[in-house]
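A closer look at the structure
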Amino acid sequence: MNTSSLLQAPLQRPLVLVHAEFPADLAKRLGTLGFRRGAQLKALAVTSGGGRIIAVAGARIALDKAVLASMEVEEA
Amino acid sequence: MSAPSTPKRLPVVVPGSVPSCHAAAPNAGAGAGAPVVTLVGTPNAGKSTLFNTLTGARVTVGNWPGTTVEVSRGLWCSWRSDSCECDHCTAAHGPGKRIDVTLVDLPGAYSLDPVSPDERLTRALLVDVPEGETPDVVVVTADAAHLARSLYLVSQVRERRQRVIVALTMTDIAARRGIEVDTYALSAALGCPVVGVDPRRRRGIGNLTQEVHRSLGEPAPAPRTRDVAADADELDIEDERFGWIEEAVRAGTRNTGTERVTWTDRIDRWTTAPVVGPLIFMAVMWAVFQITTTVAAPMQDALDQLFTGPVSSGVVWLLERVGLGGTWFQGFLIDGLIAGVGMLLTFVPLMALMFVLLALLEDSGYLARAAVVTDRLMHRIGLPGRAFLPLIVGFGCNVPAISATRILPNARHRLLTALLVPFTSCSARLTVYVLVATAFFGRYAGTVVFAMYLVSILFVVGVGLLLKSTLWRRVGADPLVIDLPPYQRPTVRLTASVTWQRLKGFLKTASGIIVATVCVVWVLQSIPVRGDQGFAEVPVEDSAYAVAAQTVAPVFEPAGFGEWKTTSALVVGFVAKEAVISSWAQTHAVEDPGEGPPGELGERIKQDFAASSGGHTLPAVIAFLVFLLAYTPCVATLAAQRREIGMKWTAFGIALQLATAWVMAVAVFQVGRLFW
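Now for a quick tour of the structure. This structure is a prediction, so every number in the text was calculated from the model and none was measured. Along every chain, residues carry numbers that run from 1 in the direction the sequence is written. Throughout, the order in which chains and ligands are written sets their labels, letters from A for the former and numbers from 1 for the latter. Note on the predicted model: pLDDT of at least 70 is required for a residue's local features to be given, and 80 or more for side-chain atom pairs to be given and counted; whole-chain, interface and lining totals, by contrast, use all residues. To obtain the side-chain values, all non-hydrogen atoms of the structure were included, while hydrogens and water were left out.

**Some details on the interface of chain A and chain B**
Rule in force here: We call two residues in contact whenever any of their non-hydrogen atoms come within 4.5 Å of each other. Using a 1.4 Å probe, buried area is obtained as the accessible area two parts lose upon being combined, added over both of them. A pairing counts as a salt bridge when a side-chain nitrogen of Lys or Arg comes within 4 Å of a carboxyl oxygen of Asp or Glu. Whenever two N or O atoms come within 3.5 Å, that pair is a polar contact, provided that in protein one can donate a hydrogen and the other can accept it, and provided that, for residues adjacent in sequence, both atoms are side-chain atoms. Only DSSP runs of H or I with at least four residues qualify as helices, and only runs of E with at least two residues qualify as strands; both kinds are numbered from the N terminus onward.
Between chain A and chain B, the contact holds 23 residues from the first and 30 residues from the second. Taking both sides of the interface into account, the surface hidden between chain A and chain B amounts to around 2400 Å²; carbon and sulfur atoms contribute 58%. One can count four salt bridges joining chain A with chain B. The closest approach of N and O atoms between Asp 239 of chain B and Arg 36 of chain A, which form a salt bridge, is 2.4 Å. At the junction of chain A and chain B, the tally comes to nine residue pairs in polar contact (both at pLDDT 80 or more). If you list the elements that add at least two residues to the side of chain A that touches chain B, you get helix 1 (24-33) and strand 5 (59-63) of chain A.

Right, here's the structure in full:
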């Protein structure tokens, strides 16, 4: 299983969320936005500040570097 | 900020309520005993748009008691037709029965497991109250283009015995993404009615209304059946909810496979890009800044001239007719009351423009992108990216900038930003900078004025870091997680409605404090304490106002400008910076130079600074400019702060501004006098 952080994953490639480590409140918020184990994601673009826009569950979510680095993904 | 420990049943009085022509009670709403319908839903799902469409102008907005969370409530007038139940009946029906409903718009929430004050309140009012005290109907707005996420709230609300209706929005956007929604199948899967609505274009409102009427006539359905063990932990419960949601989405939607690249995709490629994104943002901010200063300025001047010209002349004419011309009463009316009201109303064009621009930026979806672009920069002083907008606006005028802090969903961020806005150098201060800089620095005046703006930015950053490291150590710890809504074309009706609501709120709050303060200053300037002049006939230097200024003057001796004519200008500046130069001219009994060269006033001011600084004139002048920059902007800003952050924090802000201004002014003079 070739995993990487969502911060380093290739853009525009289908990804699957394998693992994430967050404080409880942030985990709840990300969970309701669709970031759950096994969720299908796609990193769409890099934003200013080094964050990324992630497509998940039909939505576009902007995340900063720290949050991205805490999510482990693999290519679908 | 936590929700109240004993949640009040809906409806309750919302502070700041105004009478409605429909309601018997003194709040917008249908009055006691009327059904209560609550709107809940995720942010950006069209909930507040639906609320505005259903209630029109019959709305009050205010903080929920004991919180800083804003709740809107309004009167929803609807008609239930005396018709048969068939779907396509064309028989003529009577007007039917009017049903008035109190509609409550709760803050946006992704879940009833709260992670913010807004969500805590939503939970308190829907879950933590006894079943008999919940709303009569809960309407959950669900975004058809992001259905799975929107239905999490539905899954939780359906776990209680509660009348629930799902108002499905954004179906057009879903269609563009190749998603077709079958509302009947979705309704069967969710166990509650699903109605497609487009509140921006007022479509589906009739169907929603009928569904609410029908629900009100039926008992609340049983909670949904849940497949969880009795000892299930939180993760198991969440898994069950998501499983239920996935089943419902599978049953109720069909992917047509015709997803196209949308306009949102195309535009976002630029607006959030690392280099182009910030450039676009600066261009938008420049446009906002220009509009709120350049476009509003002529309107403000016209209003000012209206009040100081025809209105004042008309009042003088009337008073002369009744034998009160030339009396103290005329002075009070013209220079106190009318001047105060006039000052308040000159802010209307500026505030209206600001609210229109805010509404456009929010409604179009661009504000979320701006927050992404500026997040890293603002994070350094403990603020999110969105806080950049109020700070930029503050360089035009602090009053609308304080109101602009409403775009920040977090109450602590709103508070911190509202405390920093007064340190942005507004355009009213500019007139004083120019006069003083021209009088003392000649051809370097432009450089000095530019330097004041740089100092202003340093103050914002410095005070922000100070507050972050002391009172708000955890502010700014929030990670960037922003749900980017699709871009939408703002609608005129909605923009006008939101603008009017906000403008009304500002006028209601600001009117008292501004008018009262101007009147108090007039009274002080009219009370004779020396000489034999009568009330309202005394020269300024023999008035109670001068005595007050002379009492305060020694405080500024360490800063090198402890001369009462200089400090009296600062006292007037506390009311309004626009009045500083005219009051300075008045105390020196010379002509107001207006926007022209300093002239004789400039010469008199030079003499005052030379005398008060003991020969160290330039450091005293710079210290004065620094004090002018940092101390309280004006009473209108205080009024706006009081509305947004309350009296306690406004008082703290005054203390912070005065302390910062005095300390920095003294430091500048005491260090500067060593060299000049």
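**Structural notes on the nonpolar core**
Within soluble globular proteins, side chains that are nonpolar generally end up buried alongside one another. Residue and element names in this part refer to chain B. Selection rule: For our purposes a nonpolar core is just a set of buried Ala, Val, Leu, Ile, Met, Phe, Trp, Tyr and Cys residues, chained together by side-chain atoms within 4.5 Å. Only protein chains enter the accessibility calculation, which uses a 1.4 Å probe; a residue is then buried when its area is under 20% of its type maximum, exposed when over 50%, and partly exposed in between.
Within the largest apolar cluster, 102 residues are counted, with the highest numbers of intra-cluster contacts made by Phe 561 and Trp 584. Per element, the largest residue contribution to this core is eleven residues, and it comes from helix 10 (residues 328-364). For Trp 584, the contacting residues outside a window of four places in its chain are Val 432, Leu 435, Val 436, Lys 565, Thr 566, Ala 569, Leu 601, Ile 605, Phe 609 and Phe 624. Within the second largest apolar cluster, 35 residues are counted, among which are Val 127, Ala 142, Val 164 and Leu 186.

**Notes on the packing of helix 18 (residues 544-552) of chain B against helix 19 (residues 564-575) of chain B**
All names here are of chain B. The line we're drawing: The convention used is that axes are lines fitted to C-alpha atoms, helices contributing only their stretch in contact, and that angles between N-to-C directions extend from 0 to 180 degrees. In this scheme, roughly parallel covers angles under 35 degrees and roughly antiparallel covers those over 145, while 65 to 115 is roughly perpendicular and the rest are oblique. The classification used treats Ala, Val, Leu, Ile, Met, Phe, Trp, Tyr, Cys and Pro as nonpolar, Asp, Glu, Lys and Arg as charged, and all other residues, Gly among them, as polar.
Packing of helix 18 against helix 19 leaves a shortest axis separation of 8 Å and a crossing angle of 105 degrees. In terms of axis orientation, helix 18 runs roughly perpendicular to helix 19. Taken together, the residues of helix 19 that come into contact with helix 18 (itself represented by Tyr 545, Ala 546, Ala 549 and Gln 550) are Trp 564, Thr 567, Ser 568, Val 571 and Val 572. Among the residues forming the contact of helix 18 with helix 19, the class breakdown is six nonpolar, three polar and no charged.

**Quick word on the pairing of strand 6 (residues 71-75) of chain A**
Residues and elements named next belong to chain A. Operational definition: Strand pairing follows a simple DSSP-based rule, namely that at least 2 bridges must link the two strands.
When strand 1 (residues 3-5) meets strand 6, the two strands line up antiparallel, connected through three bridges. Paired with Thr 3 across the two strands is Glu 74, which belongs to strand 6. Judged from the five bridges that link them, strand 2 (residues 14-20) and strand 6 form a sheet pairing that is antiparallel. Bridge pairing in strand 6 places Val 16 opposite Glu 74.

**Quick look at the pattern of salt bridges**
Residues and elements named next belong to chain B. Here the structure, examined in full by the defined rule, presents 25 salt bridges over all chains. A salt bridge links Lys 606 to Glu 603, with the nearest nitrogen and oxygen atoms 3.8 Å apart. Within this pair, Lys 606 and its partner Glu 603 are both found in helix 21 (residues 599-612), separated by three residues, close to a single helical turn. Here Lys 606 falls in the partly exposed class, since its relative accessible area comes to 31%. On the accessibility criterion, Glu 603 (44% relative accessible area) is partly exposed.

**Some details on the environment of Leu 353 of chain B**
All names here are of chain B. Within the secondary structure, Leu 353 sits in helix 10. C-alpha of Leu 353 to C-alpha of Leu 638: the two residues are 285 residues apart in sequence and 20 Å apart in space. Each residue touching Leu 353, except ones within four places of it in the same chain, is listed here: Ile 291, Val 295, Ala 296 and Met 299.

**Quick word on a nonpolar patch on the surface**
All names here are of chain B. Note the threshold: Residues enter patches when their relative accessible area tops 30% and they take part in no salt bridge; the joining distance is 9 Å for like charges and 5 Å for the nonpolar side chains Val, Leu, Ile, Met, Phe, Trp and Tyr. Each accessible area value is a Shrake-Rupley result obtained with a 1.4 Å probe; residue values ignore everything except the protein chains displayed when judging cover.
Together, Trp 328, Val 520, Val 523, Leu 524, Ile 527, Val 529 and Phe 535 line one region of the surface with nonpolar side chains, adding up to about 560 Å² of accessible area. The greatest single-element share of the nonpolar patch, amounting to three residues, is contributed by helix 17 (residues 492-526). When its relative accessible area of 30% is taken as the criterion, Val 523 is described as partly exposed.

**What about the environment of Leu 618 of chain B?**
Residues and elements named next belong to chain B. Residue placement: Leu 618 occurs in helix 22 (residues 617-630). Classification of Leu 618 as partly exposed rests on a relative accessible area of 33%. The spacing of Leu 618 and Gly 672 is 54 residues in sequence and 8.1 Å in space, taken between C-alpha atoms. Each residue touching Leu 618, except ones within four places of it in the same chain, is listed here: Phe 440 and Phe 441.

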